[in-house]
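Observations on the three-dimensional arrangement
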2 protein chains.
Amino acid sequence: MELSERKRRILVAIIEKYIAHGEPVGSKTLCQAFDNKVSSATIRNDMAELAQLGFLEQPHASAGRIPSQQGYRYYVDTLMNKRVLSESEQRAIKSMLSYRSGDPEQLLEEASSVLAQLTKCATIATTLVDEEATISKVELVTLGQTTAILVVVTSKGIIKNRVCRLDYPLTDKLITAFYEVVRSNFIGAAINSVSTVTLQNLVASLGDRALMLSPLIITLAEIVHEISEIDIVLEGQSNLLNIGSAANAQELLEFLSRREMLKRIVNEQKHRLNVVIGQENPHKELKNSSVIIARYKIDGCDAGALGIIGSTRIDYASLIPSIEYLTGLVSSLLSDAIE
Amino acid sequence: MELSERKRRILVAIIEKYIAHGEPVGSKTLCQAFDNKVSSATIRNDMAELAQLGFLEQPHASAGRIPSQQGYRYYVDTLMNKRVLSESEQRAIKSMLSYRSGDPEQLLEEASSVLAQLTKCATIATTLVDEEATISKVELVTLGQTTAILVVVTSKGIIKNRVCRLDYPLTDKLITAFYEVVRSNFIGAAINSVSTVTLQNLVASLGDRALMLSPLIITLAEIVHEISEIDIVLEGQSNLLNIGSAANAQELLEFLSRREMLKRIVNEQKHRLNVVIGQENPHKELKNSSVIIARYKIDGCDAGALGIIGSTRIDYASLIPSIEYLTGLVSSLLSDAIE
DNA sequence: ATTAGCACTCGGACGGTTAGAGTGCTAACT
DNA sequence: AGTTAGCACTCTAACCGTCCGAGTGCTAAT
């Protein structure tokens, strides 16, 4: 069904007024917004129909109307006029990112924090996802008799390492044996193929060498696991308290501290830009919140996500472009860094 | 001035009742707590005097009394009977720490999170402080033509590293030159002696090699700086919302996100156990909060701190022992790991 | 299809009243 | 002198009724 032009304008006006002021919008106010070209009665009729269709709701009988979640949805999909970022705004955002070191995690923390300042919302970012990566290099760097650093490099250029302390000295023989195991079992393997089962089989097959080698191999497996696990970065949690309802806020904060849950939520968002409004989200803790997630890329390949969590009453038209722009920046900075 | 035995018991009863229930305590309730051995009138007289002395205050005229911050202070210093953790409680806490990897930061994150569950407060932990450490080893591990990992080891056994990407190939000559610079300028130096000034002088003195070497040297300096910087770990922030006053909570959460500030606060706490109650804290954002910080040690040397932030109305008598016990655990785990 | 007008509804603010909790004081008691 | 009973007093929270204004829905006129 198509809405008449006037109804659409009324709906937009109600949504934008409500986003701006947070109070139900009445027919008189709208009348003024239309320069009194139409009477309040006409607007009332239209509002009644919009409410019938489910785009608006009434907190109580004698109050104005507020957008329903379906209303926001229609607005975001169809009616909204995305704000265009000015040159100077773009420059401002750019300058807030001071990405120097080559560490992608640091960039994402920064981006997350910039986004929190920009949007006054809580922000989420995932570190690089790299599901198809394989292990391309493993290095064992000895630092002393019993200490070493184990370094793993993936085909996509991600590098992780961990310190490894042993109870016995690292002899040349041991190191050679370790590299042998690595070459035949790990190099070229997909990072998510390293499971505890394969690991147990491997250790079992080592026979009497197992005792000495397994600490190293287990550490190696842990590093690989860490690479395959996405990490979640949160910022601006205090912004959640700007929204009223303290009870809800506590629930939300607690929800956000469950990282596993968050990972799943973020990774369900597959599009370049995802807007999930209120109860569209399967998690009841988010029933009054909107989540906007944009995915960033490295050299055109999906690499992770960045986004905000806020009340359903957020300024979609200006926040979405900010998120998109920032995500673009992150994509290009990462693509430059990892070549 | 000495308080009579009865006044002390009344004060203790009021404080513990108030901590338990959060409501002003009246003379009748106390009367029951004393098995009606003294009349409410007597208690009222004593309460009036305790209020006069500043240990109690009255929210309003017809309400009971609540402890003042000075009251809490006297309680913590003089009156409180610390709860003793039972064997099984100790075991429970121990089993919550699953410290496997050799990474101290991970242990502190875990400890912080355990403490948050235990106390239902927000928790703070600092990672290892190591002010007197010197640089004992630097390794450059090449991973490809233009990529390397730079590893720094301190005299105290702390290990940090960072990936370093260059715009030009890492030749043997370059590497030798780098090690030369490291040997004569960094090895043996105190980690906090590496300032930007000395760095600039160093780069200047390199002459025409500066261009090729400086990215490596700058990365090295950044790693050293990172070691000398303490990191702050926060957990259980959502617990702050249990306390009423949402306005205050927002302020607090924002305050906690200012890491620099937190570092200073935590490091001002020099004793083994520090209890800062409400306005004793110079930061006005904490005027309604108590901060309890315990320091942990490695092999007897001060190494960092661990603690909680909660309302002034917290159960000092049982939380303090928990914090102390956990801090002890962390100390011994760390002392075992770094030998 | 639009509009003016009007009756109606509802929530929030205001004010007065009441019940209850708790105090402070005084006078009596040990 | 310390303790106690008793009483008047104070203050809050809860309840209730009233009133105002905002905003609606409906009807009848344009």
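Rules used throughout
- Residues numbered from 1 in each chain as written.
- Chains lettered and ligands numbered in written order.
- Predicted model: local features only at pLDDT ≥ 70, side-chain atom pairs only at ≥ 80, totals over all residues.
- Heavy atoms only, no water.
- Near = heavy atom within 4 Å.
- Polar contact = N/O pair within 3.5 Å; in protein donor to acceptor, adjacent residues only side chain to side chain.
- Helix = DSSP H or I, 4+ residues; strand = E, 2+ residues; numbered from the N terminus.
- Contact = heavy atoms within 4.5 Å.
- Nonpolar A, V, L, I, M, F, W, Y, C, P; charged D, E, K, R; others polar.
- Pairing = 2+ DSSP bridges.
- Axes fitted to C-alpha atoms, helices over the stretch in contact; angles between N-to-C directions.
- Phe/Tyr/Trp six-rings, centres within 6.5 Å; stacked < 30°, edge-to-face > 60°.
- Buried < 20%, exposed > 50% of the residue type's maximum accessible area, 1.4 Å probe, protein only.
- Lys NZ or Arg CZ within 6 Å of the ring centre and 35° of its normal.
- Least-squares fit on C-alpha atoms with pLDDT ≥ 70 in both.
- Salt bridge = Lys/Arg side-chain N within 4 Å of Asp/Glu carboxyl O.

Close to DNA strand C lie 21 residues; Arg6(A), Thr42(A), His60(A), Ser62(A) and Ser27(B) are nearest. Here the atoms of DNA strand C within 4 Å of the protein split so that 73% fall in sugar or phosphate, with bases taking the remainder. One nitrogen or oxygen atom from the main chain of Ser39(A) is found 3.2 Å from a phosphate oxygen belonging to DNA strand C. Note that a phosphate oxygen of DNA strand C is positioned 3.0 Å from one of the side-chain N or O atoms of Arg65(B). Secondary structure elements with two or more residues in the surface near DNA strand C: helix 3 (40-52) of chain A together with helix 3 (40-52) of chain B.

Moving on, we come to the interface of chain B and chain A. Across the boundary between the two partners, chain B contributes 31 residues, which contact 31 residues of chain A. For the pair chain B and chain A, the number of links is three residue pairs in polar contact (both at pLDDT 80 or more). Counting residues per element, the ones that place at least two in the side of chain B that touches chain A are strand 4 (135-142), strand 5 (147-154), strand 6 (159-165) and helix 10 (246-256) of chain B. Here the residues of the side of chain B that touches chain A are counted per class, giving 12 nonpolar, 12 polar and seven charged.

Next up on the list: the sheet that holds strand 6 (residues 159-165) of chain A. All names here are of chain A. One open sheet accounts for three strands, arranged 4-5-6; its pairing is antiparallel. Both outer strands of the open sheet, strand 4 (135-142) and strand 6, are each paired with one neighbouring strand and no more. Within the sheet, the average angular offset between the axes of one strand and its neighbour, ignoring direction, is 20°. In the sheet, strand 4 pairs with strand 5 (residues 147-154) via seven bridges, with the strands oriented antiparallel. The residue bridging Glu139 from the neighbouring strand is Val151, located in strand 5. Lying on the sheet, helix 7 (residues 172-185) is in contact with strand 4 and strand 5; it crosses strand 4 at an angle near 170°. Strand contacts of helix 9 (residues 210-228): strand 4, strand 5 and strand 6, with the helix running at about 150° to strand 6, the strand carrying the most contacts.

Glancing now at the packing of aromatic side chains. Inspection of the entire model under this criterion finds six aromatic pairs over all chains. Both rings, one in Phe178(A) and one in Tyr179(A), keep their centres 6.0 Å apart while their planes meet at 55°; by these two values the pair is tilted. For Tyr179(A), a relative accessible area of 24% gives the class partly exposed. Between the aromatic rings of Tyr72(B) and Tyr316(B), the centroid separation amounts to 5.7 Å while the plane-to-plane angle is 50°, which identifies the pairing as tilted. Pair noted here: Tyr72(B) is in helix 4 (residues 69-79) and Tyr316(B) is in helix 12 (residues 316-337), with a separation of 244 residues, a long-range link. Here the basic side chain of Arg313(A) rests over the ring of Tyr18(A), its NZ or CZ set 5.8 Å away from the ring centre.

Next up on the list: the sheet that holds strand 6 of chain B. Residue and element names in this part refer to chain B. Within the open sheet, the three strands sit side by side as 4-5-6. Their pairing is antiparallel. One side of each edge strand has no neighbouring strand; the edge strands of this open sheet are strand 4 and strand 6. Across the sheet, the mean angle from the axis of one strand to that of its neighbour is 20°, orientation sign disregarded. Packed on one face of the sheet, helix 7 (residues 172-185) meets strand 4 and strand 5 and runs near 170° to strand 4.

Right, let's talk about the relation of the copies chain B and chain A for a bit. Under the fitted operation, chain B is carried onto chain A by 0.0 Å of movement along the axis and a turn of 180°, and the coordinates agree to an RMSD of 0.2 Å. Taken together, the rotation and translation relating the two chain copies correspond to the operation of a two-fold axis. A symmetric contact is evident, with 97% of the interface residues of chain B recurring at the interface of chain A.

Residue and element names in this part refer to chain A. The buried count for strand 6 comes to five of seven residues, which makes it a mostly enclosed element. Sheet topology places strand 5 next to strand 6; seven bridges connect them, and they run antiparallel. Bridge pairing in strand 6 places Ile149 opposite Val163. From the end of strand 5 to the start of strand 6, which pair antiparallel, there are four residues, and Gly157 there has a positive phi angle of about 90°.

All names here are of chain A. Notably, Asp35 is not glycine yet its phi reads approximately 55°, a positive angle. Residue position: Asp35 is located in the loop between helix 2 (27-33) and helix 3. Judged by relative accessible area, which is 56%, Asp35 ranks as exposed.

Quick look at the protein's contact with DNA strand D now. Taken together, the neighbourhood of DNA strand D is formed by 21 residues, with Ser27(A), Arg44(A), Arg6(B), Thr42(B) and Ser62(B) sitting nearest. The sugar-phosphate share of atoms of DNA strand D within 4 Å of the protein amounts to 74%. Take Arg6(B): an N or O atom from its side chain is 2.8 Å from a phosphate oxygen of DNA strand D. A distance of 3.1 Å separates a phosphate oxygen of DNA strand D from a polar backbone atom of Ser39(B). Every element with two or more residues in the surface near DNA strand D is listed here: helix 3 of chain A together with helix 3 of chain B. A class-by-class count of the residues in the surface near DNA strand D yields six nonpolar, 10 polar and five charged.

Residues and elements named next belong to chain A. Turning to its location among the elements, His60 is positioned in the loop between strand 1 (56-57) and strand 2 (66-67). A relative accessible area of 46% places His60 in the partly exposed class. Sequence-wise, His60 and Pro24 are 36 residues apart; in three dimensions their C-alpha atoms are separated by 9.9 Å.

It is worth spelling out the pattern of salt bridges at this point. Under the counting rule described, the total for this entry stands at 37 salt bridges over all chains. With its nearest N and O atoms 2.7 Å apart, the salt bridge here joins Asp46(A) to Arg6(A). With Asp46(A) in helix 3 and Arg6(A) in helix 1 (residues 5-21), the pair connects residues that are 40 residues apart, well separated along the chain. A relative accessible area of 4% means that Asp46(A) is categorised as buried. Residue classification places Arg6(A) among the partly exposed positions, given a relative accessible area of 32%. Lys263(B) serves as the salt-bridge partner of Glu260(B), at 3.3 Å between the closest nitrogen and oxygen. Residue Glu260(B) and its partner Lys263(B) are both found in helix 11 (residues 259-268); the two are separated by three residues, about one turn of the helix.

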